[in-house]
Amino acid sequence: MATCAGQSSTRVACRAWIPISTGSIVLAAFAAGCLLHPDTSYKVVGGLLVLYGYSHIEACRHGDQTIVALHRAQRSLTHRAAHDDLTGLPNRAAFRECLSEASEHLNRYGQKYALFALDLDGFKHINDAYGHAIGDELLRQIADRMRLTIREGDVVARLGGDEFAVLQVPVPEREVAVSLAERLIAEVSVPYCIEGRTIGINVSVGIALAPECGDGEVLLRAADEASYEAKRAGKGLYRLAGASRYWPLTA
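Note that the structure is predicted; figures quoted are calculated from it, not measured. (Residues numbered from 1 in each chain as written. Predicted model: local features only at pLDDT ≥ 70, side-chain atom pairs only at ≥ 80, totals over all residues. Heavy atoms only, no water.)

How do you make sense of helix 5 (residues 123-130) when you look at a structure like this?
An α-helix turns once per 3.6 residues; consequently, residues spaced three or four apart project the same way. For helix 5, the complete set of buried residues consists of F123, I126 and N127. Each buried residue of helix 5 sits inside an arc of 100 degrees when the element is viewed along its axis, so together they form one side. Those residues of helix 5 that are exposed and angled more than 90 degrees off the buried face are K124, H125 and D128. Its buried side turned inward, helix 5 meets strand 1 (113-121), helix 6 (132-149) and strand 5 (197-199). Note on helix 5: the residue one or two positions beyond its end, G131, has a positive phi of about 100 degrees. (Buried < 20%, exposed > 50% of the residue type's maximum accessible area, 1.4 Å probe, protein only. Helix = DSSP H or I, 4+ residues; strand = E, 2+ residues; numbered from the N terminus. Arc of directions from axis to C-beta. Contact = heavy atoms within 4.5 Å.)

Here you go:
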């Protein structure tokens, strides 16, 4: 019936009232005509049509539930494949896709962007001192703060362990990226209260700008190297990749 009407059978099946109502109207007319006929054989057919109508309704409801459950499962699998289970942030694979898209926009439209590599300072010590449960909760809260700090359209991802990354698009000048790095460091460094414990932690941030410091995977490596420089310099600092080549080091 859906095919004859030019509709997707899956779309119709997800709206059970459509096949139920149309089928019931057609079956009701035939069943009533048969039941009102004086011939007993017609009445038997009418009764069978009533039973078929009941089975039709149940089949439509079952199809609706099955297809809806299937689509929900597919969406869940798609989401889990692209997101970190612990924090709900995009994972490394999803972040690479976003980075590839930003690179394409750079090449096509000249839209500059910035990549941030963030590495927590002293997270292993917190994990060892308080346990993995508290460590996991700390990562979730840090992820929430980062998500609220970035602009709409920017992307924050968890690359693994205590490593995060942020993609900021567009970035017309380096001060925009530096400002975000400072906000991220300030937000992450505010103490956390978890299970009655006050926990403090800092984050080291490496910033790489495209196209000055490269593009795509090259930019990701540059941001990683800058974050290592920031970590070696102390806690809660940022460093700009390629600073000696493009501009003075400001952090």
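Hey, could you run me through the packing of aromatic side chains in this one?
Aromatic ring pairs are reported here in terms of the distance separating the ring centres and the angle at which the planes meet. Inspection of the entire model under this criterion finds zero aromatic pairs. For R145, the ring lying beneath its charged end belongs to Y192, and the centroid distance is 3.6 Å. (Phe/Tyr/Trp six-rings, centres within 6.5 Å; stacked < 30°, edge-to-face > 60°. Lys NZ or Arg CZ within 6 Å of the ring centre and 35° of its normal.)

What is the right way to look at the pattern of salt bridges in this model?
Pairing of side chains with opposite charge becomes possible as their charged atoms draw close. A full pass over the atoms with the stated rule returns 11 salt bridges. Between K112 and E212 there is a salt bridge, with its nearest N and O atoms 3.7 Å apart. Residue K112 is found in the loop between helix 4 (92-109) and strand 1, and its partner E212 is found in the loop between strand 6 (202-210) and helix 8 (217-233); the two are separated by 100 residues along the sequence. Ionic pairing is found between D119 and K231, a salt bridge with its closest N-O pair at 4.0 Å. Residue D119 is located in strand 1, and its partner K231 is located in helix 8; the two are separated by 112 residues in the primary sequence. Classification of D119 as buried rests on a relative accessible area of 10%. (Salt bridge = Lys/Arg side-chain N within 4 Å of Asp/Glu carboxyl O.)

What should I look at first to understand helix 4 in this one?
In this model helix 4 runs 25 Å from its N-terminal to its C-terminal C-alpha over 18 residues, within 8% of the 26 Å that 1.5 Å per residue would give. Buried within helix 4 are the following residues: A94, F95, L99, A102, S103 and L106. For helix 4, the N-terminal capping position is held by N91, with its side-chain oxygen 3.3 Å away from the main-chain nitrogen of A93. (Expected span 1.5 Å × (residues − 1). Polar contact = N/O pair within 3.5 Å; in protein donor to acceptor, adjacent residues only side chain to side chain.)

Please explain the confidence of the model for the protein chain as it appears in this structure.
In low-pLDDT segments, the atomic positions of the prediction should not be examined closely. Summary statistics for the protein chain give a mean pLDDT of 85 and a share of 87% for residues scoring 70 or more. Taking the mean pLDDT of every element in the protein chain, the minimum, 42, falls on helix 9 (residues 243-246) and the maximum, 97, on strand 3 (residues 163-168). (pLDDT = per-residue confidence, 0-100.)

Explanation requested: the packing of helix 5 against helix 6 in the structure shown.
Remark: helix 5 packs on helix 6, axes separated minimally by 7 Å, with the N-to-C direction vectors making an angle of 140 degrees. As judged from the angle between their axes, helix 5 and helix 6 are oblique. Two secondary-structure elements touch here, helix 5 through F123, I126, N127 and Y130 and helix 6 through H132, I134, G135, L138 and L139. Here the contact of helix 5 with helix 6 is built from residues that sort into six nonpolar, three polar and no charged. (Axes fitted to C-alpha atoms, helices over the stretch in contact; angles between N-to-C directions. Parallel < 35°, antiparallel > 145°, perpendicular 65-115°, else oblique. Nonpolar A, V, L, I, M, F, W, Y, C, P; charged D, E, K, R; others polar.)

Would you take a moment to explain the side chain of Q168 for this structure?
Checked against the element boundaries, Q168 lands in strand 3. The residues contacting Q168, other than those within four sequence positions of it, are Y113, A114, F116, R151, D154, V176, A177 and L180.

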